[in-house]
Amino acid sequence: MSDLPRKAVTRTAKLAALPLGFAGRTALGLGKRIGGRSAELIATELQQRTAEQLFATLGQLKGGAMKLGQALSVFESALPEQVAGPYRAALTKLQEAAPPMPTKSVHAALAERLGPDWRELFEEFDDQPAAAASIGQVHRAVWHDGREVAVKVQYPGAGEALLSDLTQLGRFARLLGPLIPGMDLKPLISELRDRVAEELDYELEAGAQAAHAREFASDPDVTVPEVVHQSDQVLVTEWMEGVPLSEVIADGTQEQRDRAGQLLARFLFSGAARTGLLHADPHPGNFRLLTGDAPDGPPEKWRLGVLDFGTVDRLPQGLPPTIGTALRLTLDGEAEAVHELLRDEGFVKPEIELDPGAVLDYLLPIIEPAQVAEFTFTRGWMRAQATRIADPRSPAYQLGRQLNLPPAYLLIHRVTTSTIGVLCQLGATVRLRDEMEAWVPGFAAADESQETPA
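All of the points below concern the structure found in this document. Note that the structure is a prediction, hence the values are computed from the model and not measured.

## Considering the overall build of the protein chain
1) Next: In terms of helices and strands, the protein chain carries 18 helices and 14 strands.
2) Next: Taking all 454 residues of the protein chain together, the buried fraction comes to 52%.
3) Next: A separation of at least 24 residues holds for 70% of the contacts in the protein chain among residues at least 6 apart in sequence.
4) Next: Here the protein chain displays about 20200 Å² of accessible surface, and carbon together with sulfur accounts for 53% of that area.

Printed below as a string of structure tokens:
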């Protein structure tokens, strides 16, 4: 493939083919059913073909199309198993790789952004990309001081492609709905579009990554590579070797899954508290498990490596205390207090009248993982929550439609639900309440310790 396609008409045509292709396959399936084939067999075949077309297209286009695919990848655990199965393999591919930019284009971009003598900055530079993602690809290299580094090069025209894709996908959101049952794509696409400028600004990314690297420099559980060099559309960081989280999801032992899940939950809550920044792209492709010198050693010694700080939520005081307070009040059964707090914060608009008891009934199943000392996240639990909230016949669906998500909480909500999606993919047993008591302001009961968990 050549450079990231920049002509809007070309990209639009590929994206427009998605709902058209879905409609065509549905008509074909109806014809086969009339011809005598079973509805179940036809449905499985249609889902497989739909998955292949959807994620092949999103991966090839990179840009905003692939960004959407990566965001969707963490929610496959909410889909019915007969639907999720055909999607899972295609989704995993989007977490790790995309068709690479040609070597000639990479060299031209480096010459433009680092200067014509860019090769003098490196002792070695691998022309074959180690990873290719939505707006840039990563090359392994050796910096002039001998450090192994990752060189992230932004695709030419990435900004234009991101905006064009997400605008077009927004128009198709309703038509694309059947491809991912139970998902409302329009708000997700809109929120991704709002983050385009930050995603493209490698100076902002370098600052966020450097802040995390400093804070977690001596941490026993979490590692963030240091920033080595940053210039316009090129970011050089220390290289980090590790087992991709997607491999643990696919083949890990239960001990490995549990360790990965605990570390992921710890980073979710502690990162915002310790740095004032919330890593906002928690799909499995952005995490590694660092096994040290003994890759087959005990998982309790593993550390979590975190990559890609292109999207962060800036929370100087950490997570808003309203979140922890509302969760604690919900666990304590304080229906009136929860309702009043949600109304004060704008989750319930002034003109909406809700029964506080019904609000409590809506929230309690969602926060079940915080009610117990440890909780096993499963695809079945995730599907049950998604069904309860998405089924128009459910009281939870009716109540949920009357709630409002204030803009300040939008990204926090997506990061939290995405992380829970990954925990369910892992099938991890996690001491979530420990992490919340340690790091979420307002959550710990007055008589409970707030020391960092071991």
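So that's the structure; there's more coming.
## Overview of the side chain of Q262
1) Next: Its location among the elements puts Q262 in helix α11 (residues 254-275).
2) Next: Among the residues examined, Q262 registers a relative accessible area of 4% and is labelled buried.
3) Next: Among residues more than four places away in sequence, those in contact with Q262 are T429, V430, R431 and E435.

## Regarding the pattern of salt bridges
Opposite charge on two side chains permits pairing when their charged atoms draw close.
1) Next: For the coordinates displayed, the defined rule picks out 14 salt bridges.
2) Next: Between E238 and R147 there is a salt bridge, with its nearest N and O atoms 3.6 Å apart. You can see E238 sitting in strand β7 (residues 234-238) and its partner R147 sitting in the loop between β3 (136-143) and β4 (148-154), a full 91 residues away along the chain.
3) Next: By relative accessible area, E238 is classed as partly exposed at 25%.
4) Next: Residue classification places R147 among the partly exposed residues on the basis of a relative accessible area of 30%.
5) Next: Among the ionic pairs, R266 bridges to D221, the shortest N-O distance being 3.0 Å.

## Looking at the environment of D258
1) Next: Mapped onto the secondary structure, D258 falls in helix α11.
2) Next: With a relative accessible area of 22%, D258 lands in the partly exposed category.
3) Next: For D258 and L426, which are 168 residues apart along the polypeptide, the C-alpha to C-alpha distance reads 7.8 Å.
4) Next: Within the local environment of D258, its side chain forms a polar contact with the side chain of Q254, the two groups lying 2.8 Å apart.

## Focus on the environment of M101
1) Next: Position of M101 relative to the elements: it lies in the loop between α4 (81-96) and α5 (103-114).
2) Next: On a C-alpha basis, the gap between M101 and Y155 in space is 7.5 Å, while along the polypeptide they are 54 residues apart.

## A short note on a negative patch on the surface
1) Next: A surface patch of like charges, here negative, comprises E336, E340, D344, E345, D355 and D361.
2) Next: For the negative patch, the element with the most residues is helix α13 (residues 335-344), which contributes three residues.
3) Next: Among the structural elements, D344 can be located in helix α13.
4) Next: Overall, D344 belongs to the exposed group, its relative accessible area being 58%.

Quick notes on the rules
- Every chain is numbered independently, its residues counted from 1 as its sequence is written.
- At least 70 in pLDDT is required for a residue's local features to be given in this predicted model, at least 80 for side-chain atom pairs to be given and counted, and no such filter applies to totals for whole chains, interfaces and linings, which use all residues.
- Calculated side-chain values reflect all of the structure's heavy atoms, with hydrogen atoms and water omitted.
- By definition, any uninterrupted DSSP run of H or I lasting at least four residues is a helix, any uninterrupted run of E lasting at least two residues is a strand, and each is numbered from the N terminus.
- In this scheme, a residue with accessible area under 20% of its type's maximum is buried, one over 50% is exposed, and one in between is partly exposed, where area comes from a 1.4 Å probe on protein chains only.
- Residue contacts follow a heavy-atom distance rule, with two residues in contact if any of their heavy atoms lie within 4.5 Å.
- Here the Shrake-Rupley method, with its probe set to 1.4 Å, supplies the accessible areas, and only the displayed protein chains count as covering residues.
- Criterion for a salt bridge: a side-chain nitrogen of Lys or Arg within 4 Å of a carboxyl oxygen of Asp or Glu.
- In the analysis that follows, any N or O atom pair within 3.5 Å is treated as a polar contact, provided that within protein one partner can donate a hydrogen and the other can accept it, and provided that, for residues neighboring in sequence, both atoms belong to side chains.
- Candidate patch residues must exceed 30% relative accessible area and have no salt bridge, after which like charges are joined if within 9 Å and Val, Leu, Ile, Met, Phe, Trp or Tyr side chains if within 5 Å.
- We count Lys and Arg on the positive side and Asp and Glu on the negative side, and we leave His and both chain ends out.
- Where a charge sits is defined by one atom per residue type, namely NZ (Lys), CZ (Arg), CG (Asp) or CD (Glu).

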